[in-house]
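Spelled out, the chains give:
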Protein chains: 2
Amino acid sequence: MSELISQAYERLRSQGGRMTNQRRLLLSILDSLGEHPTAEELLLIARKQDPDLNLSTVYRTLRWLEAENLVSARLFAEERRQERFDAVLPSEHHHFMCTNCKNVIEFDTELLVDIKSQFQDSSGASVSMGSIVLYGLCPSCRQGSVAQELDREVG
Amino acid sequence: MSELISQAYERLRSQGGRMTNQRRLLLSILDSLGEHPTAEELLLIARKQDPDLNLSTVYRTLRWLEAENLVSARLFAEERRQERFDAVLPSEHHHFMCTNCKNVIEFDTELLVDIKSQFQDSSGASVSMGSIVLYGLCPSCRQGSVAQELDREVG
DNA sequence: GCCCTTATTGCAAATCATTTGCAATAATTA
DNA sequence: TAATTATTGCAAATGATTTGCAATAAGGGC
């Protein structure tokens, strides 16, 4: 069983919480999904298994997981008000969002620690965490836009 | 006259737009304010000069400035749904938010370009922009929390 | 396995930042 | 100065997320 799911069981046990069918389903989706779904997207996926699942339950589950630090929520500039949720991996990771297709790619870098300490040193603040978001065109949309440009030139 | 304000005049002229008292007021505040106000905060400040100013006007002005790339809007993790607005400076800059007092400090770094090119090279995407947000305690809240800890130990 | 307690759910209504429709107002320009 | 129409203020709408509450169902004890 995955880290996420076993951790969730453990946290529930220690808090007197209950492992419901809804939570089990949402956890298994979050665990296997290689994406960063919105609450709504997660609901749609989950409803294939449990058509009565409610959006409130999705939100409550996500918020609980967030409080337990098993999931993190992020807002991207392209979708101002809609959060995307992400099972927290052991290592700190960052995001790239394609401004065209809105797909999110995770990435990792050792360079952020330098930025953190640079800022700590110059400001006197203590930095506990940080995140980077990059925007641009993903490889396939990049190809698409090159193709479009060619079309325009030819047409 | 500042860059922001003269730019705004220029854009309005070229679009057949009008420089109203409300816009002039909001621009002068945004221009001089060394902070990252929310729309509501901006309204409160502006109402000292024009008590009838409406929140819709503030939003419309901010969105127009954003579309003109003269102001940028950001969401921080600590305030999930409320945007903060920021007159765009000539150089790309990043943000630190104090998790205690919610104050925002801007900072600059040459290290992001390395992260961008690192990611571009490894992913095949083309990155057009990026932003870093750091969270932690600002110098004064840091002092406060040190003081608290001492209190706890002594008391 | 069945009962009891109460955590969790589904539903509908509430929130809250932001947006929009519209009639009234005020910048521009002729 | 008048005419045109961009912009405003107001109230109502929106849309993601949250919350109150009665109904349901985990999980512990019998």
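Q: In this structure, what is going on with the protein's contact with DNA strand D? I would like to understand it.
A: The environment of DNA strand D is formed by 24 residues, the closest being Met-19 and Tyr-59 of chain A together with Gln-22, Arg-23 and Thr-57 of chain B. Taking the atoms of DNA strand D that fall within 4 Å of the protein, sugar and phosphate contribute 68% of them. Between DNA strand D and Arg-63 of chain A there is a distance of 2.9 Å, counted from a phosphate oxygen to a side-chain nitrogen or oxygen. One nitrogen or oxygen atom from the side chain of Arg-23 of chain B is found 2.6 Å from a phosphate oxygen belonging to DNA strand D. Among the elements of the structure, helix H4 (55-67) and strand E2 (79-87) of chain A together with helix H2 (21-32) and helix H4 (55-67) of chain B are those that each provide at least two residues to the surface near DNA strand D. The dominant element in the surface near DNA strand D, judged by the number of residues it contributes, is H4 of chain A, at 5 residues. Class assignment for the residues of the surface near DNA strand D results in 4 nonpolar, 10 polar and 10 charged.

Q: Help me understand the protein's contact with DNA strand C in this model?
A: Neighbouring residues of DNA strand C: 24 residues in total, closest Gln-22, Arg-23 and Thr-57 of chain A together with Tyr-59 and Glu-83 of chain B. Counted by atom, the contact set of DNA strand C within 4 Å of the protein is 67% sugar and phosphate. Of all the elements in the fold, those that place two or more residues in the surface near DNA strand C are helix H2 (21-32) and H4 of chain A together with H4 and strand E2 (79-87) of chain B. No other element matches the 5 residues that H4 of chain B contributes to the surface near DNA strand C.

Q: Can you walk me through the pattern of salt bridges in this structure?
A: Working definition: two side chains of opposite charge can pair if their charged atoms are close together. This structure, assessed with the given rule, holds 12 salt bridges over all chains. Two residues, Arg-84 of chain A and Glu-79 of chain A, come together in a salt bridge whose shortest N-O distance is 2.9 Å. With respect to class, Arg-84 of chain A is no different from Glu-79 of chain A; both count as buried. Between Arg-84 of chain B and Glu-41 of chain B there is a salt bridge, with its nearest N and O atoms 3.2 Å apart. With a gap of 43 residues between them, Arg-84 of chain B in strand E2 and Glu-41 of chain B in helix H3 (residues 39-47) connect regions that are remote in the sequence. A cluster of three or more residues bridged by salt bridges with shared partners is formed by Arg-63, Glu-66 and Glu-83 of chain A together with Arg-81 of chain B.

Q: Explain the relation of the copies chain A and chain B here, please?
A: Both copies of the chain are related by a screw-like operation: a rotation about an axis and a shift along it. Superposing chain A onto chain B takes a rotation of 180° plus a shift of 0.0 Å along the axis, which leaves an RMSD of 0.1 Å. In the structure described here, the two chain copies are related by an operation that fits a two-fold rotation axis. Among all C-alpha atoms of chain A, that of Ile-132 of chain A lies closest to the rotation axis, at 2.2 Å.

Q: Whenever I open this one, the packing of H3 of chain B against H4 of chain B confuses me. Can you help?
A: In a pair of packed helices, the angle between the axes and the distance between the axes together describe the arrangement. Residues and elements named next belong to chain B. Viewed as axis vectors pointing N to C, H3 and H4 meet at an angle of 115°, and their least axial separation amounts to 9 Å. Crossing geometry of H3 relative to H4 is assigned as right-handed. The residues of H4 that touch H3, namely those facing Ala-39, Glu-40, Leu-42 and Leu-43, are Leu-55, Val-58, Tyr-59 and Leu-62. Class assignment for the residues of the contact of H3 with H4 results in 7 nonpolar, no polar and 1 charged.

Q: Is there a simple way to explain the nonpolar core in this structure?
A: In globular proteins that are soluble, nonpolar side chains generally tend to be buried together. Ranked by internal contacts, the top residues of the largest apolar core, which has 26 residues, are Phe-96, Ile-132 and Leu-134 of chain A together with Phe-96, Ile-132 and Leu-134 of chain B. Membership of the second largest hydrophobic core comes to 24 residues, among which are Ala-8, Leu-26, Ile-29 and Leu-70 of chain A.

Q: Where do I start with the environment of His-93 of chain A in this structure?
A: All names here are of chain A. Take His-93: it is sitting in the loop between E2 and strand E3 (94-98). For His-93, a relative accessible area of 8% corresponds to the buried category. A C-alpha to C-alpha distance of 20 Å links His-93 and Leu-27, two positions 66 residues apart in sequence. In this structure, His-93 is in contact with Arg-74, Asp-86, Glu-106 and Phe-107, ignoring residues within four places of it in sequence. Separated by 2.9 Å, the side chains of His-93 and Asp-86 make a polar contact. Reaching out from His-93, the side chain makes a polar contact with the side chain of Glu-106 at a distance of 3.4 Å.

Q: Explanation requested: the domain arrangement of chain A in the structure shown.
A: Accessible area lost during the coming together of the parts is what is often quoted as the interface size. All names here are of chain A. Per the domain assignment, the segments making up chain A are domain 1 (1-89) and domain 2 (91-155). For domain 1 versus domain 2, the separation of C-alpha centres amounts to 24 Å. Taken residue by residue, the interface counts 9 residues in domain 1 and 11 residues in domain 2. Here domain 1 packs against domain 2, burying approximately 1,100 Å² in sum over the two surfaces, 60% of which is carbon and sulfur. Counting the surface domain 1 buries against domain 2, the share from its top three residues, Phe-76, Glu-78 and Leu-89, is 51%. Summed over the shared surface of domain 1 and domain 2, the number is 0 salt bridges. Inspection of the region where domain 1 meets domain 2 yields 5 residue pairs in polar contact (both at pLDDT 80 or more). Contributing elements (two or more residues each) for the side of domain 1 that touches domain 2: strand E1 (71-76) and E2. Among the elements that take part in the side of domain 1 that touches domain 2, E2 stands out by supplying 3 residues, more than any other. Along the lines of polarity and charge, the residues of the side of domain 1 that touches domain 2 split into 3 nonpolar, 1 polar and 5 charged.

Definitions and cut-offs
- Residues numbered from 1 in each chain as written.
- Chains lettered and ligands numbered in written order.
- Predicted model: local features only at pLDDT ≥ 70, side-chain atom pairs only at ≥ 80, totals over all residues.
- Heavy atoms only, no water.
- Near = heavy atom within 4 Å.
- Polar contact = N/O pair within 3.5 Å; in protein donor to acceptor, adjacent residues only side chain to side chain.
- Helix = DSSP H or I, 4+ residues; strand = E, 2+ residues; numbered from the N terminus.
- Nonpolar A, V, L, I, M, F, W, Y, C, P; charged D, E, K, R; others polar.
- Salt bridge = Lys/Arg side-chain N within 4 Å of Asp/Glu carboxyl O.
- Buried < 20%, exposed > 50% of the residue type's maximum accessible area, 1.4 Å probe, protein only.
- Least-squares fit on C-alpha atoms with pLDDT ≥ 70 in both.
- Axes fitted to C-alpha atoms, helices over the stretch in contact; angles between N-to-C directions.
- Left-handed = near helix turned anticlockwise from the far one by under 90°.
- Contact = heavy atoms within 4.5 Å.
- Core = buried A, V, L, I, M, F, W, Y, C linked by side-chain atoms within 4.5 Å.
- Domains from an automatic or database assignment.
- Buried area = accessible area lost by both parts, 1.4 Å probe.

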